[in-house]
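# Structural characterization, general
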Amino acid sequence: MKNQLHLITVLLLMFIVQFSFAQNMKITGVVSDGSGPLPGVNVIIKGTNQGTQTDFDGNYSIRTSTGDILVFSFVGMATAEMIVETSNTINVTLKEDSSKLEEVVVVGYSKKETKKLTSAIATIDKKQIENVPMATFDQILQGSAPGLTILSGSGQPGDAASVNIRGFSSFALSNSPLFILDGQAIRRLDFSGINPNDIESVSVLKDAAATQIYGSRGSNGVIVITTKSGKQGKATLEYRTYTGISIAPRYNDALRPLSSSQLISLSQEIGIGGVINVGATPEEIEELAAYSEDWLDVLTRDGKTNSHEISMSGGNENTKFFISGSYFSQEGIALRSKLDRYSLRTKIDYSKNRFTLGANVFLSYTSAEDSENEGGFSRSNPFYASIRTPAYDRAIDPITGDYAAPLDASQSSVQNNLERVNTNDEDRKTKTVMVSLSGRYDFNFLEGLSFNTSLNIRNNRRDNRTYVDPNSVDGRRRQGGQGSLNLSTSERTSFTITNSLQYKFNINEDHKFNAGLYQEFVSDNSDGFDITTYGLNQLTVIDGATEGTETNGFIPDFGGFNSVSNLSSYFATLDYSYLNKYNVTAGIRRDGSSSFGSNFAFGNFYSMGIGWLISEENFLSSVKAINLLKLRVSYGTVGNQNISDTAARPIFTSTSYNGLAGISSGLSNPDLKWEETAKTNIGLDASLFKNRLKINLDVYSEKTTDLLQNVPISRTTGFSSQLRNVGSLKNEGIELSFSTINIDSEKFRWESSLNIATNETTILKLNDGESFRLGRFLIEEGGSYPEFNLVKRAGVNSANGRTLWYDLDGNLTETYDLNNRVNVGRAAPKYTGGFLNRFTSGGFELSTLFSFSQGKNIYNVARTSLDNPTKISRGSVSTNALRFWRQPGDVTDIPDPRQISNYFTDSGWLEDASFIKLRNVTLSYNLPNSVLEKINLSGMRLYLQGQNVYTWTTFSGLDPENSSTDYVADYPSLSTYTFGIDVKF
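Named according to an unreviewed UniProt entry, the protein is SusC/RagA family TonB-linked outer membrane protein originating from Jejuia spongiicola. Among the UniProt annotations of the protein, the heading Subcellular location (unreviewed entry) holds the following wording: "Cell outer membrane". Of the protein, the UniProt comment under Sequence similarities (unreviewed entry) reads exactly: "Belongs to the TonB-dependent receptor family."

Here we take up the UniProt feature "domain: TonB-dependent receptor plug" (unreviewed entry) in the protein. Look at the UniProt record and you will see "domain: TonB-dependent receptor plug" (unreviewed entry) annotated at residues 115-222. Between the first and last C-alpha atoms of residues 115-222 the distance is 21 Å; the span itself is 7% helix and 26% strand.

Moving on: the sheet that holds strand E7 (residues 92-93). Judged by pairing direction, the sheet is mixed, and its 3 strands sit side by side in the order E4-E1-E7 without closing on themselves. Edge strands, defined here as strands with exactly one partner in the open sheet, are strand E4 (59-64) and E7. Pairing of strand E1 (residues 25-32) with E7 involves 2 bridges; the strand directions are parallel. Bridging from a neighbouring strand, serine 32 pairs with threonine 93 of E7.

This next bit is on unusual backbone geometry. Going from tyrosine 785 to proline 786, the amide bond is cis rather than trans, its omega being -10°. Position of proline 786 among the secondary structure elements: in the loop between strand E37 (777-779) and strand E38 (787-791). If you check the backbone angles, asparagine 580 has positive phi at about 60° while not being a glycine. At asparagine 948, a residue that is not glycine, the phi angle is positive and equals roughly 55°. By the secondary structure assignment, asparagine 948 is in strand E48 (residues 939-953).

What follows concerns helix H4 (residues 260-270). Within H4, the full set of buried residues consists of Ser260, Leu263, Ile264, Leu266 and Ser267. Across the axial projection of H4, the buried residues extend over an arc of 165°, all falling on one side. Of the surrounding secondary structure, the elements contacted by the buried residues of H4 are helix H5 (274-277) and helix H6 (282-289). Of the residues one or two after H4, glycine 271 is the one with positive phi, at around 80°.

Time to look at the pattern of salt bridges. In this structure the tally under the stated criterion is 54 salt bridges. Close ionic contact of aspartate 159 with arginine 428 constitutes a salt bridge, the shortest N to O distance being 3.7 Å. Here aspartate 159 is found in the loop between strand E11 (148-151) and strand E12 (162-165), whereas its partner arginine 428 is found in strand E22 (residues 425-442), with 269 residues between them in sequence. Per residue, the accessibility class of aspartate 159 equals that of arginine 428, and both read buried. Two residues, aspartate 253 and arginine 256, come together in a salt bridge whose shortest N-O distance is 3.0 Å.

Core analysis: the biggest nonpolar cluster contains 32 residues, and Phe171, Ile779, Phe788 and Tyr859 have the highest contact counts within it. At the level of secondary structure, the elements contributing two or more residues to this core comprise H4, H6, E37 and E38. Here the element with the most residues in this core is H4; it accounts for 3 residues. Within the second largest apolar cluster, 27 residues are counted, among which are Val132, Ala145, Leu181 and Val204.

A word on the packing of aromatic side chains. In this description, a pair of aromatic rings is defined by centroid distance and the angle of the planes. This model, assessed by the stated rule, comprises 35 aromatic pairs. Residues tyrosine 441 and phenylalanine 443 carry aromatic rings whose centres are separated by 5.2 Å and whose planes lie at 90° to one another, so their mutual orientation is edge-to-face. Between tryptophan 805 and phenylalanine 904, the aromatic rings sit 5.7 Å apart at their centres with planes inclined by 75°, giving edge-to-face as the arrangement. On the criterion of sequence distance, the pair formed by tryptophan 805 in strand E40 (residues 803-806) and phenylalanine 904 in the loop between helix H11 (863-866) and strand E46 (910-912) is long-range, its members being 99 residues apart. The exposure class of tryptophan 805 is buried, given its relative accessible area of 4%. It is arginine 589 that lies over the ring of phenylalanine 571; its NZ or CZ is 4.4 Å from the centre. A cation over an aromatic ring shows up here: lysine 917 above the ring of phenylalanine 915, its NZ or CZ 5.7 Å from the ring centre.

Analysis parameters
- Residues numbered from 1 in each chain as written.
- Predicted model: local features only at pLDDT ≥ 70, side-chain atom pairs only at ≥ 80, totals over all residues.
- Heavy atoms only, no water.
- UniProt positions renumbered as here; feature names shortened; annotations may be inferred.
- Helix = DSSP H or I, 4+ residues; strand = E, 2+ residues; numbered from the N terminus.
- Pairing = 2+ DSSP bridges.
- Buried < 20%, exposed > 50% of the residue type's maximum accessible area, 1.4 Å probe, protein only.
- Arc of directions from axis to C-beta.
- Contact = heavy atoms within 4.5 Å.
- Salt bridge = Lys/Arg side-chain N within 4 Å of Asp/Glu carboxyl O.
- Core = buried A, V, L, I, M, F, W, Y, C linked by side-chain atoms within 4.5 Å.
- Phe/Tyr/Trp six-rings, centres within 6.5 Å; stacked < 30°, edge-to-face > 60°.
- Lys NZ or Arg CZ within 6 Å of the ring centre and 35° of its normal.

Right, dumping it as structure tokens:
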């Protein structure tokens, strides 16, 4: 009994000791947001008032007991709960709480809460932009926002894409939107110098309520790019790198070059071509037929891509900073094409008391080499030459090792394309400097009143060099017959000064106002110079040219230009919110531009938007499924000033009359003014089922008046036409986007988003109602734009092999008549959009992005030669030419070669360029905290990525994604695969 009592006493003491130890257990750890430590996080023992806060470095320490629950909470972040077990260390990563965080959107000169927006704005965050292996950020945005149509047009590294928002508002001026980077306007030439990983967010402003604040520059929409800034907290250092390869293209079955044996057989059958021209013997023909040079393989390659970037950010209560430096290198798939970019960005924000100062300095240098004559209808274009060059013409002579000459001596004027690439040069170097300085003072005599000022300076210098070897075929065709060297320099400097007074105040907490008065001045100065010298020796500089005389033909060519434009503006804005559910925005702007006529140098633009947060009404308070329901309506006017700086003024040009040289003055138009667009937008935003389903719908109508058009005038003036404001057109469309959280569990999350848009452009009015032709398009009142207007091909007459067309009455005819032209297809997409999926499990994440374009047609100029069997008289053609009509009864689309010498411009060359493209696939893995602690890192991410992975299309060319309406074997988009690492210290 005594022993039992002793045992019970010992066990009781052990329990008491264990209990006391558990009560005094010390837990430590670090709380972060995934990008760095979080200071000021509340750490509370659940069910008690005992707790602590994290320090400046995100560290915390608290005494608790096994089985207790620690609650971690921070403003704007989702609350996390962790059960205390046996470990003394608990690290936590908090995530943003979308239900509590008031999302803010950059709308140009200010930021606004998403709930209070009355305008049509789409946002694209950094997660869709970072680490994508593209040389220009605009191509990364493809498929990311409804109504934003981006077509690459070229896979040449550094070439900007074609960007369009909500259709075409002009057929004489540019339809490209205005791009704003950290408060200052940038141009397409700047895109290749920008590091996409520096971008924090992109806002696409579409309706008048959003774009009106930009007045005469905002009719085509505005894309506002905001770069990353420093955040308060411990300084973080991040290194990113990726390396990859771009795969050389291959032709599809719809358009493939002839092999040597196929070309020889075709040549023998129709009696023309290389082997016929040179009178080759049967033995020589047999030898030629046995070998086929793959010219696409010769002129292309697998291009390498490499990127290195280091950034540092951090700050304290007063000063925040962000610094990044990067190097990016990308080889194109065409030989010689490549881009190297070096960039540096420094961003500092300082605030103390009532002062706020900011400085943003960006430097970039790019060096690029271009593929020659990209998109050109000649053999200097490597993609066109890969089919037009006979397969029996070798790139390298197997005996001598030299560049091989064409078999057909009549082709001596055509240079071996491999030799052209390796001996000629075409490169450009671009230097960009952008400086933004800003200041703000909050007055103390009136709370809410502040003065803001900013100065933006941008300088861009481009140096181009084109060298043609004097010993090459092209060199012998140059003036004097001994090559040429062209050097050109262009420089553009812009200044933007903006001053504003802003006043925020409330009345009874129910009425909230934000008013702003602005003054802005923009000045652009451009100049350039170029020289072409001839008679080169082997030196590839100006000193290598021969001094020109009247007899030797080596006299150099000179050129140059200078242009200045100014824009002076005054504008005002007003935001009003009642009970946080009825919101109104209004704005008015007056612009004065030096580019327009003296009688219309100034223009006024205005807008108003109304938003009703229906979900805040009492009658919906019991509907738990609706988290947000908002109706938006906006109307306003904006302008398009994308004209030449001298379009309204007479300029002197060289001319001749009766054999005498002279100088003449151009024709002025003092009444020339900007095209103006009135925009109406109705939108609906909804967030349902605990924010797991979000829907955005916009319906719009935009009418552009005072369209610029070259109007015919009496030739007695000395001119045939004058640029005038005479027309109008209308764009109407619908945009719809969905985002869903399909599965959200502790171990797996699946998110999706889909956007789709459609647009129709209709011409309302032309000068005196008279239609006119613009290339292959008929511009007429009531017609769609752009719409191909061509003679409609019916096929080939199976009885005689002649081409058949339709006349205006729908009857078949063998006579080609331009009077039978009709509208045969759209030249712009009917529908565009994108589909994104993101799967997350543990540290793994898989994302896929598809983009699509439906309803656009492209005129395949290349096929007018490549499908014509008679073109083998000076080269090769595609395998399609083998389908030509041979005898009565043959059913085909290629006519009898004996009946044609050239193909006519008709609908037969029009192809459906609709496509679905797997734009991006990324598989990534984030190392867990348990591993990061052992290697002293804050974060590490490994990923594999594919860009432009696969395209579903019926288009016969290399790539249907073409910004032009014509296709001439254009440089296809790069299909790139990369492996990358992101490390945070």
